[in-house]
Amino acid sequence: MTSSSVRRIAVVGASDLGCSFALAARQAGHDVTLVDEHPQSLKQMSLDAPYFYGAAIPAAVLNENAIAQVVLESNPEIFECFEAEVDVRVGTIAWGAFRNAPNSAHIGTPKLGLVSQDSNKLLEHDVLVLATGARDFVPSFAGWDLPGVFGVKAGLALLDIYQCYEGKRTLVLGTSPEAVKFTRSALAAGVEIVGMVEPTQHFAAGRLAADEIAGLGVPVLYGRIITAAEGKTAVNGAQLVPTNGSGTVEGLDCDTICIAIGRLPNIELPAAMGCQLRFDASVGSWLPETDAGGMTSAAGVYWLSRFTGGEEQVQAILASIGGDTVAPAAPAESVARADYLQLWVDTLFQTGGSNVMLCQCEDVTRGAFLGLEPPRYLDGQLRHPQTPVTGRCGVPRIHQDQMKRMTRVGMGHCQGKRCRDEAALLLSTRFGIGLESIQPGSYRFPVRPLDLDLIAAGDETPEMRENWLYWPAAPENL
């Protein structure tokens, strides 16, 4: 490789695909920086981004040195990247990515905003590869804000990465492939799985997985749905009801509840960058549009994800970076995961009703959201009934940003990571339209809740304060 063909490549996400790509790109002679936000601090974990840890994070994560060692040892691929002289930056958040655009023509070389507890940097690069992985899907039910309720990605992280899971008796919601993976890890760690809740009569992960779970002795509670997590200061049980409408309430003792219905791709960075998105029913979410080489609609920005393919993406992206033509890959067999997510949300709503809290940040119920009720901080004189905006021929035209402004659902500190997906599914049922017809809410930088003094000075400089009227410089002809 000649010096002119060496590219500065930034990779966001040290998943197996992210590490595989970083290694391959380094072996091809490129300068590679690999960024990953784990290990996270207790404060970052408490903000439920990207995983929903809930309100009961183990105290062991306070021992940052020990946790850092455990987290790194859980990912051997990261050590391979270190040895291959990849510039590895762990515990570092990629909070923004900036490129020249009509309203930001001064950026110059593309830059990636990075911040950790020790440093703050705008990393210049030629190519950006987004291997940002998955986040939790966590639909609401009564008591889902109790300590002890968490998402499956958070549960797997505490079990397999941080190795500090504290649950003793866990109830698993869902029979998805993620639920099966969590159950395996939890049993291996000595956790009792008191049951897996499935509203249908079918195991979502398939017959082989169902046979495996049966062989492990875990009861699958078919035809049931959770109506409430019980407890005053923490989970001490769960209430289940049959989905056939008989109304018989069944109590179950447990100290933790894992929401394992599904997972969704982390698309904050490409969405906030303005990359073109498309709805994918096999994923149940929006994804960046890419060409055969994995490049998004933004030149030099690539999408690398298990949601869109396998290891073949690594070589396809490398070939595209090298200027080679990449043939389209054969379409993978897909399963409409959106249907399973919709089934859960609809069943939880039918059995739990409209008074369940949908948005934990802003204390908005399902009923208040679907009724387009204005925020409660507006007093009675300022609150007026609202009606949905409709398009031609009575077809609803829904944009989640408009719904957010009217109801504040998705406007809290978690930036909608807990509620935006359930909100879209509720709107889909309420107005009888497909998810692809609901414009998703926008993302903005920073894509993680951050203390702003980590990425900017906490106060203006004396020079700025003295000349604030003309900062950064007064006009020459003044």
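A.B. asks: What exactly am I supposed to notice about the overall build of the protein chain here?
C.D. replies: Each helix and strand counted, the protein chain has 14 helices and 24 strands in total. For 478 residues, the compact-globule formula gives about 23 Å, and the C-alpha radius of gyration of the protein chain, at 24 Å, lands near that figure. Projected onto its principal axes, the C-alpha coordinates of the protein chain cover approximately 75 × 60 × 50 Å. Expressed as a percentage of the 478 residues in the protein chain, the buried residues total 49%. Surface accessibility of the protein chain: about 22,400 Å² in total, with carbon and sulfur atoms responsible for 51%. Computed over 36 positive and 53 negative side-chain charges, the separation of the two mean positions in the protein chain equals 5 Å.

A.B. asks: I keep staring at the environment of Val-326 and nothing clicks. Help me out?
C.D. replies: On the secondary structure map, Val-326 appears in the loop between helix H9 (312–321) and helix H10 (337–352). A sequence separation of 35 residues divides Val-326 from Asp-291, and the C-alpha atoms of the two residues are 8.8 Å apart.

A.B. asks: Just checking my understanding: could you explain the pattern of salt bridges for this structure?
C.D. replies: Once the charged atoms of two side chains with opposite charge are near each other, the side chains can pair. What the rule picks out here adds up to 23 salt bridges. Among the ionic pairs, Asp-451 bridges to Lys-43, the shortest N-O distance being 2.7 Å. Residue Asp-451 is found in the loop between strand E24 (438–439) and helix H14 (462–466), and its partner Lys-43 is found in helix H2 (residues 42–46); the two are separated by 408 residues along the sequence. Salt bridges linked by common partners bring Arg-8, Lys-111, Glu-124 and Asp-126 together as one network.

A.B. asks: Before we go on, may I ask you to explain a nonpolar patch on the surface in this structure?
C.D. replies: Together, Trp-468, Leu-469 and Tyr-470 give the surface a local cluster of nonpolar side chains, amounting to about 370 Å² of exposed area. Checked against the element boundaries, Trp-468 lands in the segment after H14.

A.B. asks: Please clarify how the sheet that holds strand E20 (residues 301–303) should be interpreted in this entry.
C.D. replies: Note: strands within a sheet are paired through backbone hydrogen bonds, in either parallel or antiparallel orientation. If you trace the five strands from one edge of the open sheet to the other, you get E3-E2-E1-E7-E20, paired in parallel fashion. Looking at the sheet topology across the chains shown, the edges are occupied by strand E3 (87–89) and E20. Strand-to-strand twist of the sheet, defined as the mean angle between neighbouring strand axes without regard to direction, takes the value 15 degrees. Of the strand pairs in this sheet, strand E2 (residues 31–35) and E3 are connected by three bridges, and their pairing is parallel. Opposite Thr-33, over in E3, you have Asp-87 as the bridge partner. Across the sheet, H9 is in contact with strand E1 (8–12), strand E7 (127–130) and E20; its angle to E20 comes to roughly 165 degrees.

A.B. asks: Explanation requested: the side chain of Asp-136 in the structure shown.
C.D. replies: Of note, Asp-136 is situated in strand E8 (residues 134–136). Of the side chains with opposite charge, Lys-153 lies nearest to the buried Asp-136, which makes no salt bridge, at 7.1 Å. Within the structure, the side chain of Asp-136 is placed 3.1 Å from the backbone nitrogen of Val-152, a separation counted as a polar contact. A polar atom in the side chain of Asp-136 sits 2.6 Å from the backbone nitrogen of Lys-153.

A.B. asks: Mind showing me how you'd approach the packing of helix H6 (residues 177–188) against helix H7 (residues 207–215) here?
C.D. replies: Any two packed helices are characterised by how steeply their axes cross, that is the angle between the axes, and by the distance between the axes. Two elements in contact, H6 and H7, have axes separated by 11 Å at closest approach and are oriented at 25 degrees. Considered as vectors, H6 and H7 are oriented roughly parallel to each other. You can see that H6 and H7 cross each other, and the crossing is left-handed. Two secondary-structure elements touch here, H6 through Val-180, Thr-183 and Arg-184 and H7 through Ala-209, Glu-212 and Ile-213. Here the contact of H6 with H7 is built from residues that sort into three nonpolar, one polar and two charged.

A.B. asks: I would appreciate a short explanation of the nonpolar core in the present structure.
C.D. replies: Proteins that are soluble and globular tend to have nonpolar side chains buried together. One finds Phe-141, Leu-171 and Ile-257 to be the most contacted residues of the largest nonpolar core, which totals 76 residues. Residues contacting Phe-141, with those up to four places away along its chain left out, are Val-149, Leu-173, Ile-226, Thr-227, Ala-228, Ala-229, Ile-257, Ile-259, Leu-348, Val-356 and Arg-366. By size, the runner-up hydrophobic cluster in this structure holds 32 residues, among which are Tyr-51, Val-61, Ile-193 and Val-218.

A.B. asks: Just checking my understanding: could you explain the packing of aromatic side chains for this structure?
C.D. replies: Tallied over the full model, the rule gives nine aromatic pairs. Centre to centre, the rings of Trp-95 and Phe-98 are 5.5 Å apart; their planes meet at 65 degrees, and the pair counts as edge-to-face. Relative to Phe-445, the ring of Phe-98 lies with its centre 5.1 Å away and its plane at 65 degrees, an arrangement referred to as edge-to-face. Separated by 347 residues along the polypeptide, Phe-98 in strand E4 (residues 93–98) and Phe-445 in the loop between E24 and H14 bring together distant segments of the chain. On the basis of relative accessible area, Phe-98 is assigned to the partly exposed category, the value being 23%. For the cation-ring pair, Arg-420 lies above Tyr-443, with the distance from its terminal atom to the ring centre recorded as 3.9 Å.

A.B. asks: Looking at this structure, how should I read the pairing of strand E14 (residues 237–242)?
C.D. replies: As a general feature of sheets, a regular strand has side chains that alternate between the two faces. Judged from the six bridges that link them, strand E13 (residues 224–230) and E14 form a sheet pairing that is antiparallel. Across the sheet, Ile-225 pairs through a bridge with Val-241, a residue of E14. The antiparallel hairpin formed by E13 and E14 contains six residues in its connecting segment, where Gly-231 sits at a positive phi of about 135 degrees. Pairing analysis gives three bridges linking E14 to strand E15 (residues 250–252), with the strands arranged antiparallel. Bridge pairing links Leu-240 to Glu-250 in E15.

A.B. asks: Is there a simple way to think about the side chain of Glu-422 in this case?
C.D. replies: By the element assignment, Glu-422 lies in helix H13 (residues 420–431). In this structure Glu-422 touches Phe-137, Val-138, Pro-139, Ser-140, Val-345, Leu-358 and Arg-366, once residues within four positions along its chain are discounted.

A.B. asks: So what exactly am I meant to see when it comes to the pairing of strand E19 (residues 285–288) here?
C.D. replies: In E19, alternate side chains face the same way, and those of Ser-285 and Leu-287 on one face and Trp-286 and Pro-288 on the other are all buried. In the sheet, strand E18 (residues 277–280) pairs with E19 via four bridges, with the strands oriented antiparallel. Bridged to Phe-279 within E19 is Trp-286. Remark: four residues form the turn of the hairpin made by E18 and E19, two consecutive strands paired antiparallel; Gly-284 in that turn has positive phi of roughly 80 degrees.

A.B. asks: Is there a simple way to explain helix H12 (residues 400–407) in this structure?
C.D. replies: Every α-helical turn comprises 3.6 residues, leaving residues that sit three or four positions apart pointing alike. Of the residues making up H12, those classed as buried are Gln-400, Asp-401, Met-403, Lys-404 and Thr-407. Within H12, the buried residues cover an arc of 160 degrees as seen down the axis, which keeps them to one side. Summarising the contacts, the buried residues of H12 are in contact with strand E22 (364–365), helix H11 (366–370), strand E23 (398–399), H13 and E24. Backbone geometry just downstream of H12 places Arg-408 in the positive-phi region, at approximately 75 degrees.

Thresholds, definitions, all that
- Residues numbered from 1 in each chain as written.
- Predicted model: local features only at pLDDT ≥ 70, side-chain atom pairs only at ≥ 80, totals over all residues.
- Heavy atoms only, no water.
- Helix = DSSP H or I, 4+ residues; strand = E, 2+ residues; numbered from the N terminus.
- Rg over C-alpha atoms; globule rule 2.2 N^0.38 Å.
- Buried < 20%, exposed > 50% of the residue type's maximum accessible area, 1.4 Å probe, protein only.
- Areas by Shrake-Rupley, 256 points an atom, 1.4 Å probe, with all protein chains shown as cover.
- Lys, Arg positive; Asp, Glu negative; His and termini not counted.
- Charge placed at Lys NZ, Arg CZ, Asp CG, Glu CD.
- Salt bridge = Lys/Arg side-chain N within 4 Å of Asp/Glu carboxyl O.
- Patch = residues over 30% accessible without salt bridge, like charges linked within 9 Å, V, L, I, M, F, W, Y side chains within 5 Å.
- Pairing = 2+ DSSP bridges.
- Axes fitted to C-alpha atoms, helices over the stretch in contact; angles between N-to-C directions.
- Contact = heavy atoms within 4.5 Å.
- Polar contact = N/O pair within 3.5 Å; in protein donor to acceptor, adjacent residues only side chain to side chain.
- Parallel < 35°, antiparallel > 145°, perpendicular 65-115°, else oblique.
- Left-handed = near helix turned anticlockwise from the far one by under 90°.
- Nonpolar A, V, L, I, M, F, W, Y, C, P; charged D, E, K, R; others polar.
- Core = buried A, V, L, I, M, F, W, Y, C linked by side-chain atoms within 4.5 Å.
- Phe/Tyr/Trp six-rings, centres within 6.5 Å; stacked < 30°, edge-to-face > 60°.
- Lys NZ or Arg CZ within 6 Å of the ring centre and 35° of its normal.
- Arc of directions from axis to C-beta.

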